[in-house]
Amino acid sequence: LVINPPLLFSPSQLSKARLNQPYTQEISVSGGSEPYVFSMTGGALPTGISFSEGTFSGTPTVEGVFGDIVIQAVDNNGVTKSYTYSLTVLPEHLFSWSPNPPVEDSFTTFTALDGYISYYWKYSNFPGNDCNIASYFYIKQVDIFFDEGGDYQVCLSMRDPITFDEITDTQW
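Below, the structure is looked at part by part.

**What about the state of the cysteines?**
Link 1 in the chain: Counted by the stated rule, this structure contains 1 disulfide.
Link 2 in the chain: Residue pairing for cysteine 131: its cysteine sulfur links by disulfide to cysteine 155, the two sulfurs lying 2.0 Å apart. On the sign convention where negative means left-handed, the S-S torsion of about 95° between cysteine 131 and cysteine 155 marks this disulfide as right-handed. Taken together, the residues cysteine 131 in the loop between β12 (118-123) and β13 (133-137) and cysteine 155 in strand β15 (residues 154-159) connect sequence positions 24 residues apart.
Link 3 in the chain: For cysteine 155, a relative accessible area of 14% gives the class buried.

As C-alpha cells, then:
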C-alpha cells in the first residue's frame, strides 16, 4: 500500500497585479518528490500575463478579477494535484483627486480605492519635493491644502485585508 503525500501549494492567494505594470508571482509546491512540473489547466489570464514553469509573469493590459485559474502540479512520482487561484488586476493608479487639476491656495480631495484595512497618505511640502510630510492614517479620503502652484507629490500606502500585502502609489 502506497500513500502519496499531499502536495501543498504556496502562496494560497496570488498578490494583486497593477494595470500596465510588470507582475511576477512564483508558485511553489511542497510535500511531494522534486522536481515538480506545473501547468495551467483551466481559466483565463488577463491579456499580458502568462504562466510558465511555475511563474505568472508579464504586464497586464486589462484590469479586473480573473477567477478559476487552475494550476496543476505533478511531482517526480506522478502525484498530481490542482489548485485554483484568482488574479486581481488593479488600476494603474490607486487614488484620484478633485478638483483636477488641483487649484492653488485651496484644498484638494484625494480618494483611494475601497476595500483596504489601512490607508497612509504622505505629500510634499513644496513643489518638486518628494513625499516628506506624513499625514492621515486609516482613512480613504483626505483633503490636502496646497499653498502655491507647481508639481506636488502625493503618496499612498494601503494594506490588503486578506493578504496584508502593502500596495503603494505615488503621483505628481
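Next comes the rest of the description.
**Concerning the pattern of salt bridges**
Link 1 in the chain: One pass over the structure, following the stated rule, counts 4 salt bridges.
Link 2 in the chain: The residue lysine 16 makes a salt bridge to aspartate 160 at a minimum N-O spacing of 2.2 Å. Here the residue lysine 16 occupies a position in the loop between β1 (8-10) and β2 (17-18), and aspartate 160 occupies one in the loop between β15 and β16 (166-171), the gap between them amounting to 144 residues.
Link 3 in the chain: For lysine 16, a relative accessible area of 30% gives the class partly exposed.
Link 4 in the chain: On the accessibility criterion, aspartate 160 (3% relative accessible area) is buried.

**Observations regarding the pairing of β12**
Link 1 in the chain: Where β12 lies against β15, 6 bridges are found, and the strand directions are antiparallel. The partner of tyrosine 123 across the bridge, within β15, is valine 154.
Link 2 in the chain: In terms of strand pairing, β12 meets β13 through 4 bridges, oriented antiparallel. If you follow tyrosine 120 over to β13, its bridge partner there is phenylalanine 137.

**Concerning the nonpolar core**
Link 1 in the chain: Ranked by internal contacts, the top residues of the largest apolar core, which has 22 residues, are Ile27, Phe38, Phe56, Ile69 and Ile71.
Link 2 in the chain: Of all the secondary-structure elements, those providing two or more residues to this core are β6 (49-52), β8 (64-74) and β9 (80-90).
Link 3 in the chain: At 4 residues, β8 tops the list of elements feeding residues into this core.
Link 4 in the chain: Setting aside chain neighbours within four positions, we find phenylalanine 56 in contact with Leu14, Tyr23, Thr24, Gln25, Ile27, Leu45, Ile49, Ser50, Phe51, Ile69 and Ile71.
Link 5 in the chain: Counting 17 residues, the second largest nonpolar core, distinct from the first, contains Phe95, Phe110, Tyr123 and Ile167.

Calculation criteria
Residues numbered from 1 in each chain as written. Predicted model: local features only at pLDDT ≥ 70, side-chain atom pairs only at ≥ 80, totals over all residues. Heavy atoms only, no water. Disulfide = S-S within 2.5 Å. Helix = DSSP H or I, 4+ residues; strand = E, 2+ residues; numbered from the N terminus. Buried < 20%, exposed > 50% of the residue type's maximum accessible area, 1.4 Å probe, protein only. Salt bridge = Lys/Arg side-chain N within 4 Å of Asp/Glu carboxyl O. Pairing = 2+ DSSP bridges. Core = buried A, V, L, I, M, F, W, Y, C linked by side-chain atoms within 4.5 Å. Contact = heavy atoms within 4.5 Å.

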